[in-house]
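Residues per chain, in single letters:
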Amino acid sequence: MYYHTPDTTRFIHTVRRFRAAIIAFFLLMSAGALIVLKPEPVSSDTAFWLSESKQLKKTQEQSYTPTYIGRLTIETTSFDEGTKNTLRGIQTELEHLDGVEQVESLFSATLLYNDQTGEESALVKALPIAQMPSEKIAAFVTAFPEPYRRFVDNDFHRFHFVIHSHQPIRVEGMTIPFSYRYSEPTVEATLGDYLAYAAIFVLVIVAMSRILFRNYVAALGAISVTLITLIGTFALIYLITGNKQFHIAMSLMVISIAIGHYLYFYYRWHVSQFKNDPARALDKSVNRNLHPALWTLPVLAISLGSLLFIDSSIVKTMRLSLMISSAVAYGVSILFLPALLSYFSVRHPKIGVARVCYWFANQEIHYSPKLLRIFMLFTLLVLIFIGIRLSTAPALFGNEVADTTMSLKVPFEEIDLATLQKIETFENELRTRHAGVVKVDSVVGILKRLDMANLPRNGFDEQRLLQALFFLELYDLEKSYIDEEALKITITLKDADQSAILHFVESYEALPIYLTDVNSLSQSSKMEKTLLLIASLLSALVMIALVMGVIFRSIGIGLVGLAANAIPIIWFILFMLLFRFELSIEALIAMTISVGLSSDTIIHFGYKYFRSRYFGRSRKHSLEIMFFYAGVPAIISALVLMIVFGLLTLTELQSLQLIGAYGAVLMLISLLSDLFILPVLLLAVDRHRNSRNLPRPSAPANP
Amino acid sequence: MIRTAKFPTFWATFFVVITIALGGRLYGADLSMQQKKALLEPLEKHAMVYGEGAKKVYVFVDPKCPHSRDFIAMIHENAKMRGIYRYYIFLYELKRFQSHNLIASIYASHTPLQRTLEVMVGHKEIPSAQSADPKAAETIGDIARVADEIGVLKRPYLIIVKEQN
C-alpha cells in the first residue's frame, strides 16, 4: 500500500557496489541487441493497415496488384515552348523510374478528332497533345477543359503528374527546374529524417537539463535511459512477435514512457540533495518511486493484456509496445539509473517551482464541486455525442483530402453496352452524392470521346461501341483503361471526404468494384478498424480504473482513474471530429501514449496525495507535496514531450508531422487535465476528513 | 378555307416522308446488324482479306481518298491490329475522286491486295484500266449495290462484326 516505505538501503548499496558492472551490462546488452537484431524503422503506417485490410484480401483474390499513386505538382511562371519541352522531359523521366506503371498528365493525354475535310470519314485520329505547339495546347485545353482539368489549372501555371507505380516513388533525385510539390503519403523516411528526429529529441532534452536542472547529468540520464528502453522494448517485441519492423511513431511512444518514468526517479534524486547527501538522495529516489512506478506495470499489463488477443496486429503491437516499454523503463530506472547517478552529485539541487506548487494547491483546495460536476457532465455529453456519431456515421473520422487520386478495378468478361451503362450509372451516382469528385476517368469516357469524334450524334449502339473499341486499340490507348481482366476507373478528388466516398464504393452493389490503390486500401482498413480500436481503448480505460481501484482499495480512486484517463481522450476525439482530423496510427499512438502517461501520473499523484494524508498532512499540504514531488516531473515530461512533438510538425515527413501535431495537442490536454482536474478529483474522493482519527504507523515516514 | 386547311397537311406529310427516306438512306439506320451481315457475307468473295485476327472488320475505302489511305497505312504498319482483326477490304468509289478506273484496274490485277497497298500506302501511280474487265466490273457492281443498301457514305467506312463466343 501507499503508506509502506520499502527499505532499499541494501539494494542501493549493492547497486553502488556493482555500478560499473550494471552500466556495462545494460550498455553491452543494448549494443548487442542493436547489432544482432538490426531493427528496421518504418515511417509509413500503410503496411500495418494493409496487413489486416479486408478490401485488400478481396482485391488480391482477384489477382489485382495494389498500386501506389503519387502526385507531382509543378508550378511554372509561364507556358511556352521551352516549358512544354521541359515538362515533356519530366514526363519521360517519370515513366522511366523503377516500378512506374503509368504517368498520367497533360503530356500523356491525346487529342481525338476526325479530320473531316470535304467528305465524311469514319477515321478517328489521335494526336498526342504534347506534339502540338504550346499555344495550341493552351487554346485547345481552354476550349475543351473537361478531359484535362485534372492535369492543368485554368491559368496554365500548375501542372499535375499522377504517377501509378508498384512501389513508392521518390522524385528528389530528378532534375525539376521549377518549384514542385510531391505528395506520396506512403513514402518511407530517409536516414536524414530519422537523424533530424533524434537531433530534435536530444536538443530538447539538453535544453531541459540546462534550463530546469542547470546540469548535463539530467540529459545524460534521460538520453541513456530512453535509448536503452527503446532498444530493450524492440528487442523484446522481436522475441515475442518475430517482427523486426517498428513504426517511428511507436518509438515516440516508448520515448514518452521512458521519459515519464525517468523524470520521477531523477527529479526525486535531484531535489533530495537539497537536504541529503547524494547516496541518501539515491535511496529516496528509489524507495519513493519503487511502488508507484511498479504499480503502473500491473495496471497496464492487466488492462492492456486482454487486448493482445484481439485479431489486429496494430492493436497488438501498440499495446505490447506500451506494456513492454513501461516494464523495461522501470527496470532501467531502478537499476541502470541509480548506477549511473551514483557517479554524480548536483551543485544546484534547488528547483524554483515550489511557488508554482503552492499556487496550484491554493487554487485547487478551494475548488467548486458544482463546477466540477458541470465539467464532468459536459464531458459525459461529449462522450454521448461521440457514441452517437460512432453508431450513426460509418466513417467516424472524415478524411478531407485536398488532391487525391483513387484507382478502382471492375472485373469484366466483355465490354458491351450493359457493362458500360453500369459503369456510367456508378460514375453519375458517385458525382451526384459526393462533392469534390473532379473527374471519373474510365473506359466509358474514352469510348464516348472516340465515338463523338467519329459520329457526333446522340445514342450509342453496339456498332459504334465496336468502332470506338477498334480505335482505342488502334491508338494503343486501352492500356490506361483496360487490363487483361479488369476495367480501370480513376477518380480524382479535390476537397472531398475520401472516407465517405470509400464507404460508397465499398457498399455499391450494382457493380463489383475493387479498390486497387494502396492509399484507399489503407484508408478503408482504418475505417474497418475504427470501432475495434476505439472499443479496445475504452475497455483499456475501464480495466485501468478497475485495477487502480483494487491497488488503492478504493472505488473512488478507480473512478478517478477512469475519469482522469478518459477526459483527455474524449476531448481529443472531439477535437479530431471538429477539425476533421483523420484517424491514423499516429492519432491512436498519441491516445495510447496519453493512456500510458496518464495512468502513470494518476498513480504517482494518488500515491503522493494519499500517502501524505495517511501520515496526517492536511489536504492543502498533501496537495503541495503531491505537486512538488509528482506534479513537477509530470509537468516537465509533458512540456518536454510537447516541445518534441511540436518540433516534429516542422519536419518534412508527413507521418512525423501528424505524430507531432496529435501528440502535442493530446499532451497539452492531458497536462491540463492532470493539473486542474485530477487533483480536484482526488480531493473529491478523499475520505480522510479528519486526519487525527487515522491509525498511524509506528515510524512515520517522510512523504 | 378548304384549300388553306389542306395545304399545310400536304407539306407536313411530304417533309415527314422525305425525312424518313433520306434519314434511312443517309445513315443506313434502318438496317440491323443482322441484315448488314446478311448483305456483307456473300460479298466476302470480292473482299481483299488483310490480317489474321478473329474479329471481322468490313472496310469500304476509296483508293484515292486521303483518309482511306491513312487508314490502310495504319493497318499496314500495325501488326497488332492485324493480329486482332481480319479486314475485308472493299474498294468503293467516292464520286468526287473519280477513282472508278483505278478501282477496276486494281480488281483486274492478279494480286488486288498487293496492288491496293502499293497505291494506298506506297503512293504508287498505276495505269488506270482503259477497257472494262467484266469480272472487275461485276465486283464493283456487287460492292456498290451492297454499299448502297447499307448506306455507305464515308470513306473509310467500317463495319465491325461482334465476336461470337
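The subject of this paragraph is the overall build of chain A. Within chain A, the secondary structure is distributed over 22 helices and twelve strands. The dimensions of chain A, computed from C-alpha atoms along their principal axes, are 115 × 50 × 45 Å. Evaluated residue by residue, chain A yields a buried proportion of 48% over its 703 residues. In chain A, once contacts between residues fewer than 6 apart in sequence are set aside, the share between residues at least 24 apart is 80%.

This part is about the overall build of chain B. Helices and strands together make up the secondary structure of chain B, namely seven helices and four strands. Along chain B, helices and strands appear, N-terminal first, in the series α-α-β-β-α-α-β-α-α-α-β. Counting only residues that meet the buried cut, chain B has 35% of its 165 residues in that class. Partitioning the contacts of chain B with sequence separation of at least 6, the portion at a separation of at least 24 is 83%.

With that settled, consider the sheet that holds strand β2 (residues 68-75) of chain A. Residue and element names in this part refer to chain A. The four strands are arranged β3-β6-β2-β7 in an open sheet whose pairing can be described as antiparallel. What marks the edges here is a single partner per strand, and that holds for β3 (100-104) and β7 (179-183). On average, adjacent strands in this sheet sit at an angle of 20° to one another, irrespective of strand direction. Each of β2, β3 and β6 (158-165) touches helix α5 (residues 81-95); the most contacted strand, β3, lies at about 160° to it.

Turning our attention to helix α15 (residues 443-454) of chain A. All names here are of chain A. Taking 1.5 Å of rise per residue, the twelve residues of α15 would be expected to cover 16 Å, and the 16 Å separating its terminal C-alpha atoms lies within 8% of that figure. When you tally the buried positions in α15, you get nine out of twelve residues, the bulk of the element. Here α15 has its buried residues at V443, V444, I446, L447, R449, L450, D451, A453 and N454. If you follow the buried residues of α15, they end up packed against β4 (110-113), α14 (417-433), α16 (462-474) and β11 (486-497).

The next point concerns the interface of chain B and chain A. Opposite the 20 residues of chain B that make contact, chain A presents 13 residues. Counting only elements with at least two residues in the side of chain B that touches chain A, the list comes to α3 (66-77), α4 (79-84) and β4 (157-160) of chain B. Its residues assigned to classes, the side of chain B that touches chain A shows 13 nonpolar, two polar and five charged.

Residues and elements named next belong to chain B. One way to put it is that helix α5 (residues 100-108) packs onto helix α7 (residues 134-150) with a least axis distance of 9 Å and a crossing angle of 120°. Between α5 and α7 lies a crossing of right-handed hand. Contacts between α5 and α7 involve I103, A104, Y107 and A108 from the former and A136, A137, T139 and I140 from the latter. Among the residues making up the contact of α5 with α7, the classes are represented as seven nonpolar, one polar and no charged.

This part covers the domain arrangement of chain A. Interfaces are frequently sized by the accessible area removed from exposure as the parts join. All names here are of chain A. We note that the domain assignment places domain 1 (9-38 + 190-392 + 525-693), domain 2 (68-183) and domain 3 (400-516) within chain A. The distance between the C-alpha centroids of domain 2 and domain 3 comes to 20 Å. On the side of domain 3, 14 residues touch domain 2, which itself brings 15 residues to the contact. Every element with two or more residues in the side of domain 2 that touches domain 3 is listed here: β2, β4 and β6. Top element by residues in the side of domain 2 that touches domain 3 is β4. It accounts for three residues.

All right, on to the environment of D497 of chain A then. Residues and elements named next belong to chain A. Turning to its location among the elements, D497 is positioned in strand β11. Given 18 C-beta atoms within a 10 Å radius, D497 is considered partly exposed. Separated by 77 residues in the primary sequence, D497 and L574 place their C-alpha atoms 18 Å from one another.

What follows concerns the pairing of β6 of chain A. Residue and element names in this part refer to chain A. Of all eight residues in β6, seven are buried, a share of seventy percent or more. Where β2 lies against β6, eight bridges are found, and the strand directions are antiparallel. Within the sheet, the bridge partner assigned to E75 lies in β6 and is R158. Where β3 lies against β6, four bridges are found, and the strand directions are antiparallel. If you follow V103 over to β6, its bridge partner there is I163.

Residue and element names in this part refer to chain B. Taken across its seven residues, strand β3 (residues 85-91) has six buried, putting it largely inside the fold. Where strand β2 (residues 55-61) lies against β3, seven bridges are found, and the strand directions are parallel. Each residue of the ladder has a partner; that of V59, found in β3, is I89.

The sheet built from four strands is open, its strands ordered β1-β3-β2-β4 (chain B) with mixed pairing. Two strands close off the open sheet at either side, each with one partner strand: β1 (48-50) and β4 of chain B. Taking the axes of each pair of neighbouring strands and ignoring which way they run, one obtains an average angle of 25° across the sheet. On top of the sheet, α16 of chain A reaches β2 and β4 of chain B; it is set at about 105° to β4 of chain B, its chief contact.

Calculation criteria
- Residues numbered from 1 in each chain as written.
- Chains lettered and ligands numbered in written order.
- Predicted model: local features only at pLDDT ≥ 70, side-chain atom pairs only at ≥ 80, totals over all residues.
- Helix = DSSP H or I, 4+ residues; strand = E, 2+ residues; numbered from the N terminus.
- Buried ≥ 20, exposed ≤ 12 C-beta atoms within 10 Å, placed from the backbone.
- Contact = placed C-beta atoms within 7 Å.
- Pairing = 2+ DSSP bridges.
- Axes fitted to C-alpha atoms, helices over the stretch in contact; angles between N-to-C directions.
- Expected span 1.5 Å × (residues − 1).
- Nonpolar A, V, L, I, M, F, W, Y, C, P; charged D, E, K, R; others polar.
- Left-handed = near helix turned anticlockwise from the far one by under 90°.
- Domains from an automatic or database assignment.

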